[in-house]
Amino acid sequence: MIRALVSAPALPRATVVRSIAARCLQLHGGASRTPQKMPVTPTAATVDVMKCMGDWYVQVAVPTPFDKGAHNGLEQYVWNPQKQHVDVKYTFNDGSFSGKQTAVYQKGRVNPSSSSGAQWQVKPWLGLFYLPFWLDYTIIDVDTSSHLVASSPETTGFGAWLYIMTRQKKVS
């Protein structure tokens, strides 16, 4: 189920609306009632990792099983030059807009096999250590000054998710 995570957002660009519509069709199997496993297509544009650094406010999500109750989501990307990866901090209110604030930490990177920079990977912090392997995700659409649409590589199953994020907390 897709739901808004901040109060009454207006999406910033027609490209984001097209991404949402295409992703919804993928997640829900197009016109059929049975979800279909379909490939997620990365953006055709080359993604500049350094321009993706900074704050990204989660506006709309098909959440992961681990953040179904997240509200007011904020992803913060900071380049770590010593370790050559992105330090990711995801903060959100759990269960409601005024719920307890929770933080999730991850390491991120561009997938070494991605020539365009549109396929990334993360390792979440599990309390005592980082996950010992990388989880893939795909950037479907991006304008590093305004929005980023990221998705799981699969459209069905336990790990299917989608985030539409913007640079501004509230967009008009």
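Located above this text is the structure these notes cover.
Residues numbered from 1 in each chain as written. Predicted model: local features only at pLDDT ≥ 70, side-chain atom pairs only at ≥ 80, totals over all residues. Heavy atoms only, no water.

Enquirer: How do you make sense of the overall build of the chain when you look at a structure like this?
Expert: The number of helices and strands found in the chain is one helix and nine strands. Along the chain, from the amino end to the carboxyl end, the secondary structure elements read β-α-β-β-β-β-β-β-β-β. Put simply, the chain has 172 residues, and 44% of those count as buried. Taking all contacts inside the chain whose residues are at least 6 apart in sequence as the whole, residues at least 24 apart take part in 50%. (Helix = DSSP H or I, 4+ residues; strand = E, 2+ residues; numbered from the N terminus. Buried < 20%, exposed > 50% of the residue type's maximum accessible area, 1.4 Å probe, protein only. Contact = heavy atoms within 4.5 Å.)

Enquirer: Would you take a moment to explain the side chain of S152 for this structure?
Expert: Residue placement: S152 occurs in the loop between β8 (147–151) and β9 (162–166). There is a polar contact of 3.0 Å between the side chain of S152 and the backbone nitrogen of W161. (Polar contact = N/O pair within 3.5 Å; in protein donor to acceptor, adjacent residues only side chain to side chain.)

Enquirer: It is not clear to me how the environment of M53 should be interpreted in this structure. Could you clarify?
Expert: Tracing the chain through its elements places M53 in the loop between α1 (14–27) and β2 (54–62). A sequence separation of 35 residues divides M53 from V88, and the C-alpha atoms of the two residues are 9.5 Å apart. For M53, the residues in contact, after removing those within four places along its chain, are Y77, V78, W79, V86, W120 and R167.

Enquirer: Got a minute to help me understand the nonpolar core in this structure?
Expert: Nonpolar side chains in soluble globular proteins tend to end up buried together. Of all hydrophobic cores here, the largest spans 24 residues; its most connected members are Y77, W120 and L148. Residue assignment for this core shows that the elements contributing at least two residues are β2, β3 (70–80), β4 (85–94), β6 (119–124), β7 (135–143), β8 and β9. Element by element, the count of residues in this core is highest for β4, at four residues. Setting aside residues no more than four positions away along its own chain, L148 makes contact with C52, W56, I139, D141, V142, Y163, I164 and M165. Counting residues in hydrophobic clusters, the runner-up holds seven residues, among them V40, V60, I140 and V149. (Core = buried A, V, L, I, M, F, W, Y, C linked by side-chain atoms within 4.5 Å.)

Enquirer: Is there a simple way to think about the packing of aromatic side chains in this case?
Expert: For any two aromatic rings, the description comes down to two numbers: the centre-to-centre distance and the angle of the planes. Taken as a whole and assessed by the stated rule, the structure comprises seven aromatic pairs. Taking the centre distance of 6.0 Å and the plane angle of 55 degrees together, the rings of W120 and Y137 count as tilted. One end of the pair, W120, is in strand β6; the other, Y137, is in strand β7, with 17 residues separating them in the sequence. In this pair, the class of W120 matches that of Y137, namely buried. Relative to W161, the ring of Y137 has its centre 5.8 Å away and its plane inclined at 55 degrees; by these criteria the two rings are tilted. Note that Y137 is positioned in strand β7 and W161 in the loop between β8 and β9, a separation of 24 residues in sequence. The pair formed by Y137 and W161 is uniform in burial state, with each residue classed as buried. Here the aromatic residues Y77, Y90, F92, W120, Y137, W161 and Y163 are joined through ring pairs into a cluster of three or more. When the ring centre of W56 is taken as reference, the NZ or CZ atom of R167 above it lies at 3.8 Å. (Phe/Tyr/Trp six-rings, centres within 6.5 Å; stacked < 30°, edge-to-face > 60°. Lys NZ or Arg CZ within 6 Å of the ring centre and 35° of its normal.)

Enquirer: Sorry, what's going on with the layout of surface pockets here?
Expert: A probe matching the size of a water molecule, rolled over the atoms, marks out where space remains unfilled. What the largest pocket holds in volume is close to 820 Å³. As for the largest pocket, its lining consists of 31 residues, and the residues nearest its centre are T64, F66, Q106, P124 and L135. Put simply, the parts of the chain that give the lining of the largest pocket at least two residues each are β3, β4, β5 (101–110), β6, β7 and β9. Split by residue class, the lining of the largest pocket holds 22 nonpolar, five polar and four charged. (1 Å grid on protein atoms, 1.4 Å probe; cavity = no way out; pocket = protein on both sides within 12 Å on 5 of 7 lines; lining within 4 Å. Points joined across faces, edges and corners; volume = space filled by probe spheres on them. Nonpolar A, V, L, I, M, F, W, Y, C, P; charged D, E, K, R; others polar.)

Enquirer: I would appreciate a short explanation of the environment of G127 in the present structure.
Expert: Locating G127 in the fold gives a position in the loop between β6 and β7. Residues G127 and Y105 lie 22 residues apart in sequence; the distance between their C-alpha atoms is 9.4 Å.

Enquirer: How should I be thinking about the pairing of β9 in this particular structure?
Expert: Walk down a regular strand and you will see the side chains alternate between the two sheet faces. β9 sits mainly inside the fold: five of its five residues count as buried. Where β2 and β9 come together, five bridges link them in antiparallel fashion. By the bridge assignment for β9, V60 is matched with I164. Looking at chain direction, β8 and β9 are connected through five bridges and run antiparallel. Bridging across to β9, A150 finds its partner in Y163. (Pairing = 2+ DSSP bridges.)

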